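Each chain, letter by letter, is given below.
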Protein chains: 4
Amino acid sequence: MAHYEVKPSFYNYVFSPYLEPAIKVNPGDTVSLYTDDAFESRITSEDVSPKAAVRNAKFLNPQSGPVYINGAEPGDTLAVHFESIEFTRDWAVSCVMEYFGGLQSNSITKMLQKPLVEEVYIWKSKDKGQTWTNDKIGVTIPANPFCGTLATAPDTEAIQALTPGQFGGNMDCPDICPGHTIYLPVHNPGALFYIGDCHAAQGQGELCGVALEISAKATLKFDVIKNKVTNWPRIESPEKIMSVGSAKPMEDAARIAYADLIDWMVSDYGFKVLDAYELLTMVGGLYVANMVDTTYSLCASIEKKYLKRNS
Amino acid sequence: MAHYEVKPSFYNYVFSPYLEPAIKVNPGDTVSLYTDDAFESRITSEDVSPKAAVRNAKFLNPQSGPVYINGAEPGDTLAVHFESIEFTRDWAVSCVMEYFGGLQSNSITKMLQKPLVEEVYIWKSKDKGQTWTNDKIGVTIPANPFCGTLATAPDTEAIQALTPGQFGGNMDCPDICPGHTIYLPVHNPGALFYIGDCHAAQGQGELCGVALEISAKATLKFDVIKNKVTNWPRIESPEKIMSVGSAKPMEDAARIAYADLIDWMVSDYGFKVLDAYELLTMVGGLYVANMVDTTYSLCASIEKKYLKRNS
Amino acid sequence: MAHYEVKPSFYNYVFSPYLEPAIKVNPGDTVSLYTDDAFESRITSEDVSPKAAVRNAKFLNPQSGPVYINGAEPGDTLAVHFESIEFTRDWAVSCVMEYFGGLQSNSITKMLQKPLVEEVYIWKSKDKGQTWTNDKIGVTIPANPFCGTLATAPDTEAIQALTPGQFGGNMDCPDICPGHTIYLPVHNPGALFYIGDCHAAQGQGELCGVALEISAKATLKFDVIKNKVTNWPRIESPEKIMSVGSAKPMEDAARIAYADLIDWMVSDYGFKVLDAYELLTMVGGLYVANMVDTTYSLCASIEKKYLKRNS
Amino acid sequence: MAHYEVKPSFYNYVFSPYLEPAIKVNPGDTVSLYTDDAFESRITSEDVSPKAAVRNAKFLNPQSGPVYINGAEPGDTLAVHFESIEFTRDWAVSCVMEYFGGLQSNSITKMLQKPLVEEVYIWKSKDKGQTWTNDKIGVTIPANPFCGTLATAPDTEAIQALTPGQFGGNMDCPDICPGHTIYLPVHNPGALFYIGDCHAAQGQGELCGVALEISAKATLKFDVIKNKVTNWPRIESPEKIMSVGSAKPMEDAARIAYADLIDWMVSDYGFKVLDAYELLTMVGGLYVANMVDTTYSLCASIEKKYLKRNS
């Protein structure tokens, strides 16, 4: 099994089947991809206006890749073993932008009110990224590194990198992190895997819309599960299985996430549909990953210990 | 400080300012209220049809109370210290009902499709309620006791007991549990406190709409915080502060919960609004309490350790 | 058949089964009820601040009634023949309020942004209410009089007068107007009919949240249809039958309205369910009555000429 | 000014900036495009199963074009004068599909219930398309011809042809019809105009999801308005100006449509923002174009006679 390192000379801004692979690898290979932050590192201090730095929303959330995984064919599932994240700098950035975020109107949830005033927050680490401090607020928090964005190319569509969906994308789900395996649908030969948007930390919901954005090196190992259709992104941790639904209104994301988890319990663990429905009623987890993106992402889960039934 | 025990001879089915108090107590007193399950114990076996047992939706979710707390006046806040839950039987019930639940159309999210087939699940405990077993599924789960419903009377309105809202109500939020304190608005003299709908266990979302329903004795201590307006239900645990928003679509419940938590951080912990917004972006929690009731309830939280700032 | 005139000495602010009737009448009688405007005539000029005039949202939208219709029993339907509206003054008022209206955040769709600046619009008529002119905008529009609010008392609940629902209420639907018949459910003996919120004109959606508010005299004739259950408000005009659904999110109001219209076509006009579904796909009407109240109201319709099938 | 006729030898299934133009024309030219129905004419009788005919949802709603309009550049607006629709056959088709339509759960509003049973409706015309008869239901309705789908290529994205959005797309809005002018944003050189999905008739909402689908010849004249940014599709009829918003939940589509109409009234007719907001409250129209597609489309309107103010 080989290891590759990919330092992009340019980024992509759509999840697309029409872009050339950055690299071709075999199942079982590991790849370290360098990712830039969601602003492509243009917000470097509290004095930079996010509005000025963004300029054009279509060039937000730069993606590294795509990685072509040899042997992956439409109808397969791509298993992405997330091995590690290494931050490549000692500062990270968040900000309140105009007409964006969980408690602000935007171009879709449209209001006549004025936007919030922009505010940039620079967070710094003195312990190689283990904890992060913002002096303006006066708080220090632990790191919780993960990638907000991770996708395979959709089927025939090219979708803006700010969007989450069945192909994965900008889910901003903290469980897409080192130590977990993510399962994504394969719609194109080679799967065409994209990654970006590393977060040093983020709570549930990504409330203001901009997490602790940072550049990083993400290392992943790929496997292909032949002839297994995946409808929505799934995550496996040592303790849990999880499904991520992305939709609007938010209740649809909740429905998708739990319905997909029921499908998983039925197909792989032998539950009857209504028994799975009943069991999730008692022990299921359901948190908001993002309440700020073009669709909302919710993560439903069940602990593996409940999947084994009494004989 | 006195202790009272209330065994209702009848139940209420609305949260109402128009009902007579079951008991009047002083701040600092503790009260043990016996509660019946959401079906008023009419579903006793797998052979009972929920549809037949329910008959009339307006007599669902029986409420004990109201408790009149002396000295509570409109504009105050009622602090409810949840001391304990004792189950009063060794079996609990859940079921799949027609046109109800998170993955079924209903009278509001109206579809032309046929309903799911009814199915009753009886769960039993052999260890005094510590764990619960359903033989049909073949699983055993730990207890997670809390009360799905807890309210003060609304202002001028009488609201059906299946509804969650600013007055509390049928939030189905697992953090309304022993060891936590719940803060509710006072809209009427005496606050008029209602409680019911004890759950032996429930996951996040209460997926099928019916948790592990059980009769119980709930013990609570009441305090009145004078001249403090509470807009939405708040919860305090040893580690966290939490706000519960209830609304449709679900994103509105999310917005309410986080916005109320920001208000709390600003008024009681000295944060600036945008600083609280930023900090919750990094460390806030947001889970779905219910995705099945007349409005959805989401619970936003922050750990108290983040509320203390660096000097 | 008798005619009665009711000039309220006080108003109600809830649709409630717990209030005393203002008058008792027989089926076939006509009643003229005087209604005040939604602000109880406290906004009399452009210099009045709506915020100051409102003071307490629970005293908004004053209701005249309830009218007790002899012989109406739970399970019946109340038919309200809307005979006429006469305005009782030559000015009407609308305004932009803080945190209210279709393009502004509010206490449920909660944002951190500042509210819009209040602005009052006084409209005047020089032709006995046939046309209305606002000098600030420089426009004259024709009258389109109807009552925004019309309800029977709910079953066990007392609901704030700003709310639309199955009982009717604050639907703000322009088809609840003279010449049309409205069908409402009867949940209590006597039906307990409420009316208020007369509008001299209103477009679809009631965009800013405050239509052309005016005091008026509304004249109605009541009939009781025995043993006919009505689930949602229905309207019959000379040309159309219509159903009004009220819910959030708005798509649920759309689903309710069309589903109820299908029920009507099936039960009263002999259609098969899927045939009605298909026919409404081709010739159904669906407009937004209100996009500003506590739930949204949508009105679905079909022209009566399509209800008669080819032999 | 030239006239062109385009009979596609193949169709496109995405609105894409990456496809080759079918034809290049000058502003002022007219083009007649032949369009196939949404099923590419695979459902020819009541005996065809829609599920079998569809096979793969990504090949639904075939699009003719793109038409490249010389001189159109990003930042311009494309004005499409819809001159005529001629049906190219004397039958049209609608159907109830599985897990699709306004009163059925689907892959996003996900439920555990079984789907509706498929049913195909064939409608026939004996008067060259003026009226349409379905014998199974026993009704005859007048034609109301328009194109459900009409778009310019998005900016960087390729979007599935079933989707409505800022670029136009599958709005299913009956006002996109002969005699009206539609304004669309230009994001790519040549604008890249797509059209398809002709409907012989459709009510508001397109309730079952499948209107009266038919093949047709659509004739359009194109103009380019230089340096005018269009955010959302706009329509002008002899009597009205209209904006179409597409989003989920449905209230967001309503907000977009009315907010865009206010923008239009401000920029082109000299209204102040709040005056436009107030006037639309009194005389605005707002109907549901589609309640079945990947986002919902609502059409807001104002009659031109109200745009001229008193001097």
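Cut-offs and rules
Residues numbered from 1 in each chain as written. Chains lettered and ligands numbered in written order. Predicted model: local features only at pLDDT ≥ 70, side-chain atom pairs only at ≥ 80, totals over all residues. Heavy atoms only, no water. Pairing = 2+ DSSP bridges. Helix = DSSP H or I, 4+ residues; strand = E, 2+ residues; numbered from the N terminus. Least-squares fit on C-alpha atoms with pLDDT ≥ 70 in both. Contact = heavy atoms within 4.5 Å. Salt bridge = Lys/Arg side-chain N within 4 Å of Asp/Glu carboxyl O. Buried < 20%, exposed > 50% of the residue type's maximum accessible area, 1.4 Å probe, protein only. 1 Å grid on protein atoms, 1.4 Å probe; cavity = no way out; pocket = protein on both sides within 12 Å on 5 of 7 lines; lining within 4 Å. Points joined across faces, edges and corners; volume = space filled by probe spheres on them. Nonpolar A, V, L, I, M, F, W, Y, C, P; charged D, E, K, R; others polar. Domains from an automatic or database assignment. Polar contact = N/O pair within 3.5 Å; in protein donor to acceptor, adjacent residues only side chain to side chain. Buried area = accessible area lost by both parts, 1.4 Å probe.

- As named in an unreviewed UniProt entry, chain A is Acetamidase, taken from bioreactor metagenome.

Focus on the pairing of strand β6 (residues 77–87) of chain A
Residues and elements named next belong to chain A.
Stage number 1. Examined bridge by bridge, β6 and strand β15 (residues 181–185) share five bridges and lie antiparallel to one another. Note on β15: the bridge partner recorded for H81 is T181.
Stage number 2. Bridging between β6 and strand β17 (residues 216–225) involves 10 bridges; their strand directions are antiparallel. Looking across to β17, one finds that E86 is bridged to K217.

Comments concerning the relation of the copies chain B and chain A
Stage number 1. With an RMSD of 0.0 Å, chain B superimposes on chain A once it is rotated by 180° and translated 0.0 Å along the axis. Taken together, the rotation and translation describe the operation of a two-fold axis. In terms of C-alpha distance to the rotation axis, chain B has Y287 of chain B as its closest residue, with the C-alpha 2.1 Å off the axis.
Stage number 2. Most of the interface of chain B is mirrored in chain A, where 100% of its interface residues are also at the interface.

What to know about the pattern of salt bridges
Stage number 1. Here the structure, examined in full by the defined rule, presents 52 salt bridges over all chains.
Stage number 2. The salt bridge partner of D252 of chain A is R255 of chain A, with a shortest N-O separation of 2.6 Å. Here the residue D252 of chain A and the residue R255 of chain A both occupy positions in helix α2 (residues 250–269), the gap between them amounting to three residues, near one helical turn.
Stage number 3. D268 of chain B is the partner of K228 of chain B in a salt bridge, and the nearest nitrogen-oxygen pair spans 3.5 Å. In this pair, K228 of chain B is assigned in the loop between β17 (216–225) and β18 (234–236) and D268 of chain B in helix α2 (residues 250–269), connecting sequence segments 40 residues apart.
Stage number 4. When its relative accessible area of 26% is taken as the criterion, K228 of chain B is described as partly exposed.
Stage number 5. The class of D268 of chain B is partly exposed, set by a relative accessible area of 40%.
Stage number 6. Shared partners join several salt bridges into a network, and the residues in it are E5, E86 and K217 of chain A.

Regarding the relation of the copies chain A and chain D
Stage number 1. Once chain A is rotated about the relating axis by 180° and shifted along it by 0.0 Å, it coincides with chain D to within an RMSD of 0.0 Å.
Stage number 2. Comparing contact sets, 100% of the residues at the interface of chain A also lie at the interface in chain D, consistent with an isologous, same-surface contact.

Side note on the sheet that holds strand β5 (residues 63–69) of chain B
Residue and element names in this part refer to chain B.
Stage number 1. Taken in spatial order, the six strands line up as β3-β5-β16-β11-β14-β13 in an open sheet, and their pairing is mixed. Two strands in the sheet have a free side with no partner beyond their single neighbour: β3 (23–25) and β13 (164–165).
Stage number 2. Two elements, strand β11 (residues 146–152) and strand β16 (residues 193–199), share six bridges in a ladder whose sense is antiparallel. Across the sheet, the residue bridging to C147 is C198, located in β16.

Quick look at the sheet that holds strand β14 (residues 168–169) of chain C
Residues and elements named next belong to chain C.
Stage number 1. Ordered by their spatial adjacency, six strands build an open sheet running β3-β5-β16-β11-β14-β13, and the pairing between neighbours is mixed. The open sheet has two edge strands with one neighbour each: β3 (23–25) and β13 (164–165).
Stage number 2. The sheet contact formed by strand β11 (residues 146–152) and β14 spans two bridges and is antiparallel. Each residue of the ladder has a partner; that of A151, found in β14, is G168.

Observations concerning empty space enclosed by the protein
Stage number 1. Per the counting criterion, the structure on display carries four cavities of 30 Å³ or more.
Stage number 2. Estimated volume of the largest cavity: approximately 80 Å³.
Stage number 3. M111 of chain B, R255 of chain C together with G101, G102, Q104, N106, T109, K248, M291, V292, D293 and Y296 of chain D are the residues that line the largest cavity.
Stage number 4. Looking at the lining of the largest cavity, its residues break down into four nonpolar, five polar and three charged.
Stage number 5. If you count residues domain by domain, the lining of the largest cavity takes at least three from each of domain 1 (3–225) and domain 2 (234–306) of chain D.
Stage number 6. The space that makes up the second largest cavity amounts to roughly 60 Å³.
Stage number 7. Lining the second largest cavity are G101, G102, Q104, N106, T109, K248, M291, V292, D293 and Y296 of chain C together with R255 of chain D.
Stage number 8. For the lining of the second largest cavity, a count of residues per class yields three nonpolar, five polar and three charged.
Stage number 9. In terms of domain composition, the lining of the second largest cavity takes at least three residues from each of domain 1 (3–225) and domain 2 (234–307) of chain C.

What to know about helix α3 (residues 273–283) of chain B
Stage number 1. Most of α3 of chain B sits inside the fold, with 10 of its 11 residues counted as buried.
Stage number 2. L274, D275, A276, Y277, E278, L279, L280, T281, M282 and V283 of chain B are the residues of α3 of chain B that are buried.
Stage number 3. Tucked inside the fold, the buried residues of α3 of chain B contact β7 (91–96), β8 (119–124) and β10 (139–142) of chain A together with α2, β20 (285–290) and β21 (296–303) of chain B.

Quick word on the interface of chain A and chain D
Accessible area lost when the parts come together is the quantity often used to give the size of an interface.
Stage number 1. Across the contact, 26 residues belong to chain A and 26 residues belong to chain D.
Stage number 2. Applying the counting rule to chain A against chain D returns two salt bridges.
Stage number 3. On the surface where chain A and chain D come into contact, there are seven residue pairs in polar contact (both at pLDDT 80 or more).
Stage number 4. Taken together, the elements giving at least two residues each to the side of chain A that touches chain D come down to β12 (159–160), α2 and α3 (273–283) of chain A.
Stage number 5. Sort the elements by how many residues they give to the side of chain A that touches chain D and α2 of chain A lands first, with five residues.
Stage number 6. Split by residue class, the side of chain A that touches chain D holds 15 nonpolar, four polar and seven charged.

Topic: the interface of chain B and chain A
Stage number 1. Between chain B and chain A, the residue contacts involve 61 residues of the former and 61 residues of the latter.
Stage number 2. Taken together, both faces of the contact between chain B and chain A bury some 4800 Å²; the carbon and sulfur share is 64%.
Stage number 3. When the buried area of chain B at its contact with chain A is split by residue, Y277, E278 and M282 of chain B rank highest and sum to 15% of it.
Stage number 4. For the pair chain B and chain A, the interface holds zero salt bridges.
Stage number 5. Linking chain B with chain A are 27 residue pairs in polar contact (both at pLDDT 80 or more).

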